[in-house]
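Each chain, written out:
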Amino acid sequence: MKRNAIFLFSLCIAMFGCQQNDGWTSLFDGETLDGWHVYGHGKEYNGWTVDQGVILFDPALRTEATSANLTTDNQYTSFELSLEWMIGEHGNSGLMWGVIESDKYEHPYLTGAEIQILDDGWTEYVTERGDINRAGSLYNLMPPSQVVSKHAGEWNKYLLHIDQENNEGFLIFNDVKVLEFPVNGPAWQALIDKSPFGVWGDFGKAQTGYISLQEHGGKVAFRNIKIRELNQE
């Protein structure tokens, strides 16, 4: 009896600790695409499916000859986003935040900054474009400090931290912090101005926006997607 009481007490402490320190909300229920839509096209998922707890994009399953960037139904300001991704050979995708969805913009990358998702084994691509476009880069803005990506067909993990209030952004890629960057203000704008995005008037401007998973014509998969909003009272 005493042993059972100790076990129950320990379990309660563990559960209380989880409740106090968790704060994460799942963005994927493992079975449906509820909570997501295709940028500019609503619930016409156009190549995106769910299979055994994984979100998949397969270009062979397209129903329309249009871009199909999977986008959250909700908008976010300051947050941590954790997800796992797997890319096909010579695959290219991305994780964007601060996305403005409007008839004015055909694609989410016109407004939202992007963390690159790439098959780093695609030697021709990386050689031509450099580290500023490889996996874990702040696309066209900042290269990752280390190359830590796994091979095509293997799972990688991102934890993206965006804190607009404290002007802090970073990326932990397969348990290694590979990026640290501002997310607003003069330093952020200076990064943009030095890039090809400097002439795009609304790029990186929105502090509150949608999160998008890019399709770039190849196979890509995501799982274990969750978010923790920051600076919530």
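First, a word on scope: everything that follows refers to the structure included in this document. No experiment lies behind these values; they were computed from the predicted model shown. (Residues numbered from 1 in each chain as written. Predicted model: local features only at pLDDT ≥ 70, side-chain atom pairs only at ≥ 80, totals over all residues. Heavy atoms only, no water.)

Side note on empty space enclosed by the protein
Next, step 1: Scanning all chains against the criterion turns up one cavity of 30 Å³ or more.
Next, step 2: The calculated volume of the largest cavity comes to roughly 50 Å³.
Next, step 3: Together, Trp97, Gly98, Thr111, Gly112, Ala113, Gln164, Val183, Trp188, Gly204 and Ala206 line the largest cavity.
Next, step 4: Of the residues contributing to the lining of the largest cavity, the split by class is five nonpolar, five polar and no charged. (1 Å grid on protein atoms, 1.4 Å probe; cavity = no way out; pocket = protein on both sides within 12 Å on 5 of 7 lines; lining within 4 Å. Points joined across faces, edges and corners; volume = space filled by probe spheres on them. Nonpolar A, V, L, I, M, F, W, Y, C, P; charged D, E, K, R; others polar.)

With respect to the pairing of strand S4 (residues 54–57)
Next, step 1: Sheet topology places strand S3 (residues 48–51) next to S4; four bridges connect them, and they run antiparallel. Within the sheet, the bridge partner assigned to Asp51 lies in S4 and is Val54.
Next, step 2: Between the antiparallel neighbours S3 and S4 lie two residues, among them Gln52 with a positive phi of about 50 degrees.
Next, step 3: Alignment of S4 against strand S13 (residues 220–229), held across three bridges, turns out to be antiparallel. Among the inter-strand pairings, Leu56 is bridged to a residue of S13, identified as Ala221. (Pairing = 2+ DSSP bridges. Helix = DSSP H or I, 4+ residues; strand = E, 2+ residues; numbered from the N terminus.)

With respect to the environment of Glu128
Next, step 1: Looking at the element boundaries, Glu128 is found in helix H2 (residues 123–129).
Next, step 2: Each C-alpha atom of the pair Glu128 and Glu84 lies 27 Å from the other, and the pair is 44 residues apart in sequence.

A closer look at the sheet that holds strand S5 (residues 70–72)
Next, step 1: Pairing in this open sheet of five strands is antiparallel, and the strands run S2-S5-S12-S7-S8 from one edge to the other. One side of each edge strand has no neighbouring strand; the edge strands of this open sheet are strand S2 (36–38) and strand S8 (113–118). If you compare each strand with its neighbour and ignore which way they point, the axes differ by 20 degrees on average.
Next, step 2: Inspection of the sheet shows strand S7 (residues 92–99) paired to strand S12 (residues 210–213) by three bridges, in the antiparallel sense. Paired with Val99 across the bridge in S12 is Tyr210. (Axes fitted to C-alpha atoms, helices over the stretch in contact; angles between N-to-C directions.)

Observations regarding the nonpolar core
Next, step 1: Grouped together as the largest cluster of nonpolar side chains are 51 residues, with contacts concentrated most on Trp48, Trp97, Leu138, Tyr158, Phe181, Phe222 and Ile225.
Next, step 2: Counting residues per element, this core draws most heavily on strand S6 (residues 79–87), which supplies five residues.
Next, step 3: Apart from the residues lying within four places of it in its own chain, the contact partners of Ile225 are Thr25, Ser26, Leu27, Phe28, Trp36, Ile55, Leu81, Ser82, Leu83 and Leu213.
Next, step 4: In terms of nonpolar packing, the next biggest core, distinct from the first, is built from five residues, Tyr39, Met96, Val99 and Tyr105 among them. (Core = buried A, V, L, I, M, F, W, Y, C linked by side-chain atoms within 4.5 Å. Buried < 20%, exposed > 50% of the residue type's maximum accessible area, 1.4 Å probe, protein only. Contact = heavy atoms within 4.5 Å.)

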